[in-house]
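Each chain, letter by letter, is given below.
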Amino acid sequence: MAKKNKDLLREIAEEVDVFDDMLSALVELLEEKGVLTQKEWEGKIKAKVEASKGKTRFRDLQL
């Protein structure tokens, strides 16, 4: 059972890494095109994280 959980965690971590790479590439492209700056991007993320605090997430309902 522990090996199965470890394999699942590894798979999820790999998927998160891919999403991180994809998101980084998108933000870099938007910066290069002058659409937004890193500071604007970070501010947007911070605002979204703050806005979602205290809200019930679908994931919490499922688990």
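Above this text sits the structure in question.
Quick caveat: nothing in here was measured; it's all calculated off a predicted structure.

Visitor: Help me understand the overall build of the protein in this model?
Guide: A count of helices and strands for the protein gives three helices and zero strands. For the protein, the N- to C-terminal ordering of α and β elements is α-α-α. Taking 11 Å as the expected radius of gyration for a compact globule of 63 residues, we find that the protein reaches 16 Å, considerably beyond that expectation. Dimensions along the principal axes, computed over C-alpha positions, put the protein at roughly 50 × 30 × 15 Å.

Visitor: Teacher, can you tell me more about the pattern of salt bridges here?
Guide: Side chains that carry opposite charge are capable of pairing whenever their charged atoms lie near each other. In this structure the tally under the stated criterion is two salt bridges. Linking Lys3 and Asp7 is a salt bridge whose minimum nitrogen-to-oxygen distance equals 3.6 Å. Of this pair, Lys3 and Asp7 both sit in helix α1 (residues 2-32), separated by four residues, roughly a single helical turn. One salt bridge connects Glu50 with Lys53, and the closest N-O pair in it is separated by 3.2 Å. The exposure class of Glu50 is partly exposed, given its relative accessible area of 44%.

Visitor: In this structure, what is going on with a nonpolar patch on the surface? I would like to understand it.
Guide: There is a patch of nonpolar side chains on the surface, built from Leu8, Ile12 and Val16 and spanning about 260 Å² of accessible area. Mapped onto the secondary structure, Val16 falls in helix α1.

Visitor: Just to check I follow, could you spell out helix α2 (residues 38-52) for this structure?
Guide: Owing to its 3.6 residues per turn, the α-helix aligns residues three or four sequence positions apart on the same side. For α2, spanning 15 residues, the distance from its first C-alpha to its last is 21 Å, which sits close to the expected 21 Å at 1.5 Å a residue. One or two positions beyond α2, positive phi appears at Gly54, with a value near 85°.

Here is what the cut-offs are and how they apply
- Residues numbered from 1 in each chain as written.
- Predicted model: local features only at pLDDT ≥ 70, side-chain atom pairs only at ≥ 80, totals over all residues.
- Heavy atoms only, no water.
- Helix = DSSP H or I, 4+ residues; strand = E, 2+ residues; numbered from the N terminus.
- Rg over C-alpha atoms; globule rule 2.2 N^0.38 Å.
- Salt bridge = Lys/Arg side-chain N within 4 Å of Asp/Glu carboxyl O.
- Buried < 20%, exposed > 50% of the residue type's maximum accessible area, 1.4 Å probe, protein only.
- Patch = residues over 30% accessible without salt bridge, like charges linked within 9 Å, V, L, I, M, F, W, Y side chains within 5 Å.
- Areas by Shrake-Rupley, 256 points an atom, 1.4 Å probe, with all protein chains shown as cover.
- Expected span 1.5 Å × (residues − 1).

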